[in-house]
Amino acid sequence: MSSFWSSESSRTFVVAEIGQNHQGSLSTAKQMIKAAKECGADCVKFQRSNLAEKFTVSALARPYTGPNSWGRTYGEHKAWLEFSSDEYRELQRFATDHDIVFTASAMDAASFRELEEQLRVPFIKIGSGDADNAPLLRYAANRPIPLIISTGMLDWDQVCSIYTQFRHRKDVALLHCVSSYPTPPGDIMLRMIPLLRAHFPELTIGYSGHELGIQHSVASMALGAKIVERHFTLDKAWKGTDHQASLNPAEFGRMVRCIRAIENDVPIDASALIDRLREVLQGEDLDEPELLAALKEIDSHHRQLLECERPCYNKLGKSLVYASDLNCGTVLTESNVQVKVSEPKGLSPRLYDSVVGRTVKCAVSKDDPILMQHF
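Residues numbered from 1 in each chain as written. Predicted model: local features only at pLDDT ≥ 70, side-chain atom pairs only at ≥ 80, totals over all residues. Heavy atoms only, no water.

The protein is annotated in an unreviewed UniProt entry as AFP-like domain-containing protein from Anopheles quadriannulatus.

Shown next as structure tokens:
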């Protein structure tokens, strides 16, 4: 069982997702760690990527010149926002000195190994972009490190597949998540949390929110989420695509105070929830029509790739690609197949096992997307 969260605990584990909101600045990252601790967060989380492992050459080379860009290409932009291993160790020490848990999402298999074996973080997050990454999930399932897995952009069958892989573990958490920045209230589907708790009792259930404001995140905890994760920023006007759907220190602090005020009373029945939230939320933080929209009745078929998630899926959804140049007639082995963000897209990573063992009927190149017409 994880020492940070459990389905039986009354205390909610609150994660401040710094991600890449640090603007590529080590000093800004330290300011954010310190501010998150002052806001009452239990943990700060970054995002670790090995760019050559996460993206194909063409995906890195595409022009990226909008107002949020830190480079001429997407690769230059992402490289600007990545810290080195030594810089990560410095941030780890800083977080330890400020008595807050430090970890990161592993955005590819190489980063997973680095976080576990070199940086030795206490647990690893697998984000929604890799929640259908069959080889990464299989690898992670057999490692001893505790895991948090988000479920954005998935359908219910895929969530069930994750559960099947990890149900033997007492140190794995599954987060309800909608990968839309910001998420419209009608798509938040807060009742997915009690649904996940009912279907997957062996796993700890939490919530990773990308909506505006704090009320839905507080409500998620009241419905049984044992982990609440929100993106964190020092200034929503900063350059970057995540800042708008992040909480600033004042908002994050209010969210934590509200969570702590009612976490011993949960789970609260959905019908009594709004009355309880009226008691703890300040006027500016409560919007009852939006809350009701997020509390609409749902069932398992509502967990599918939503229209509001398509922009994120189109930008960061991963594909099966070739790991090397191959001749016509090659029988694919696991060493020939990788999972990366690819442009154009290839087959879904969930088809990994059905691709291994197939024979390619044409010559292919490293990083080419794997397509059905190749067989």
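*Asks:* Looking at this model, I keep getting lost on the sheet that holds strand β2 (residues 43–48). Mind explaining?
*Replies:* The pairing of strands in a sheet happens through backbone hydrogen bonds and is either parallel or antiparallel. Judged by pairing direction, the barrel is parallel, and its 8 strands sit side by side in the order β1-β2-β3-β4-β5-β6-β7-β8 before closing back on the first. Direction aside, the axes of adjacent strands within the sheet are offset by 30° on average. Relative to strand β4 (residues 124–126), strand β3 (residues 101–106) runs parallel, the two being bridged by 2 bridges. Counted as the bridge partner of serine 105 is lysine 125 from β4. (Pairing = 2+ DSSP bridges. Helix = DSSP H or I, 4+ residues; strand = E, 2+ residues; numbered from the N terminus. Axes fitted to C-alpha atoms, helices over the stretch in contact; angles between N-to-C directions.)

*Asks:* Just to check I follow, could you spell out the nonpolar core for this structure?
*Replies:* Side chains of nonpolar character tend, in soluble globular proteins, to be buried together. By size, the foremost hydrophobic cluster in this structure holds 86 residues, and its most contacted members are Phe46, Phe166 and Phe252. Of the residues forming this core, the biggest block, 7 residues, is contributed by helix α1 (residues 26–39). Setting aside residues up to four positions removed in sequence, phenylalanine 252 forms contacts with Val14, Val15, Ala16, Cys39, Ala41, Arg230, Phe232 and Leu247. Of all hydrophobic cores here, the second largest spans 14 residues; its members include Leu320, Val339, Leu347 and Phe375. (Core = buried A, V, L, I, M, F, W, Y, C linked by side-chain atoms within 4.5 Å. Buried < 20%, exposed > 50% of the residue type's maximum accessible area, 1.4 Å probe, protein only. Contact = heavy atoms within 4.5 Å.)

*Asks:* Is there a simple way to think about the packing of aromatic side chains in this case?
*Replies:* Remark: the centre distance and the inter-plane angle together describe each pair of aromatic rings, the angle taken between the planes. Taken as a whole and assessed by the stated rule, the structure comprises 17 aromatic pairs. Taken together, a centroid distance of 5.9 Å and an interplanar angle of 70° make the contact between phenylalanine 13 and phenylalanine 123 edge-to-face. Of the two residues, phenylalanine 13 is situated in strand β1 (residues 13–19) and phenylalanine 123 in the loop between α6 (109–118) and β4; the sequence distance between them amounts to 110 residues. Here phenylalanine 123 falls in the buried class, since its relative accessible area comes to 1%. (Phe/Tyr/Trp six-rings, centres within 6.5 Å; stacked < 30°, edge-to-face > 60°.)

*Asks:* Sorry, what's going on with helix α8 (residues 156–166) here?
*Replies:* Counting along an α-helix, one turn takes 3.6 residues, and residues three or four places apart therefore face a common direction. Taken together, the buried positions of α8 are Trp156, Gln158, Val159, Ile162, Tyr163 and Phe166. What you see down the axis of α8 is that its buried residues fit within an arc of 165°, all on one side. In α8, the exposed positions angled more than 90 degrees off the buried face are occupied by Asp157 and Thr164. Packed against the buried residues of α8 are α7 (134–141), β5 (147–150), β6 (172–177) and α9 (192–199). (Arc of directions from axis to C-beta.)

*Asks:* Please explain the UniProt feature "domain: AFP-like" (unreviewed entry) in the protein as it appears in this structure.
*Replies:* UniProt records the feature "domain: AFP-like" (unreviewed entry) at residues 319–375, using the numbering of this structure. Each end of residues 319–375 is marked by a C-alpha atom, and these two atoms are 16 Å apart; helix forms 7% of the span and strand 16%. (UniProt positions renumbered as here; feature names shortened; annotations may be inferred.)

*Asks:* What exactly am I supposed to notice about the domain arrangement of the protein here?
*Replies:* Note on interface size: it is often stated as the accessible area lost on association of the parts. Parsing the protein into structural domains produces domain 1 (13–307) and domain 2 (319–374). Domain 1 and domain 2 are separated by 30 Å when their C-alpha centres are compared. Residue-level contacts link 16 residues of domain 1 with 14 residues of domain 2. Buried surface at the junction of domain 1 and domain 2, summed over both partners, amounts to about 1200 Å²; 46% is from carbon and sulfur atoms. When the buried area of domain 1 at its contact with domain 2 is split by residue, Thr56, Asp132 and Arg138 rank highest and sum to 33% of it. Remark: the boundary between domain 1 and domain 2 carries 3 salt bridges. Across the pair aspartate 353 and arginine 138 runs a salt bridge, and its minimum N-O distance is 2.6 Å. Elements with a minimum of two residues in the side of domain 1 that touches domain 2: α2 (51–54), α3 (57–61) and α7. (Domains from an automatic or database assignment. Buried area = accessible area lost by both parts, 1.4 Å probe. Salt bridge = Lys/Arg side-chain N within 4 Å of Asp/Glu carboxyl O.)

*Asks:* I keep staring at the pattern of salt bridges and nothing clicks. Help me out?
*Replies:* When charged atoms on two side chains of opposite charge get close, those side chains can pair. By the definition in use, this model includes 31 salt bridges. Where aspartate 86 meets arginine 89, a salt bridge forms, and the shortest distance between an N and an O atom there is 3.3 Å. With aspartate 86 and arginine 89 both in helix α5 (residues 85–97), this residue pair falls 3 residues apart, about one helical turn. For lysine 318, the salt bridge goes to aspartate 130, with nearest N and O atoms at 2.8 Å. Taken together, the residues lysine 318 in strand β9 (residues 318–322) and aspartate 130 in the loop between β4 and α7 connect sequence positions 188 residues apart.

*Asks:* What am I meant to see in the side chain of glutamate 309 here?
*Replies:* If you trace the backbone, glutamate 309 turns up in the loop between α13 (288–294) and α14 (310–316). In this structure glutamate 309 comes out as buried when scored by relative accessible area, which is 0%. From its side chain, glutamate 309 meets the backbone nitrogen of methionine 153 in a polar contact 2.9 Å long. Once you skip the residues sitting within four places of it in the chain, glutamate 309 turns out to touch Gly152, Met153, Cys177, Val178, Ser179, Arg303 and Gln304. (Polar contact = N/O pair within 3.5 Å; in protein donor to acceptor, adjacent residues only side chain to side chain.)

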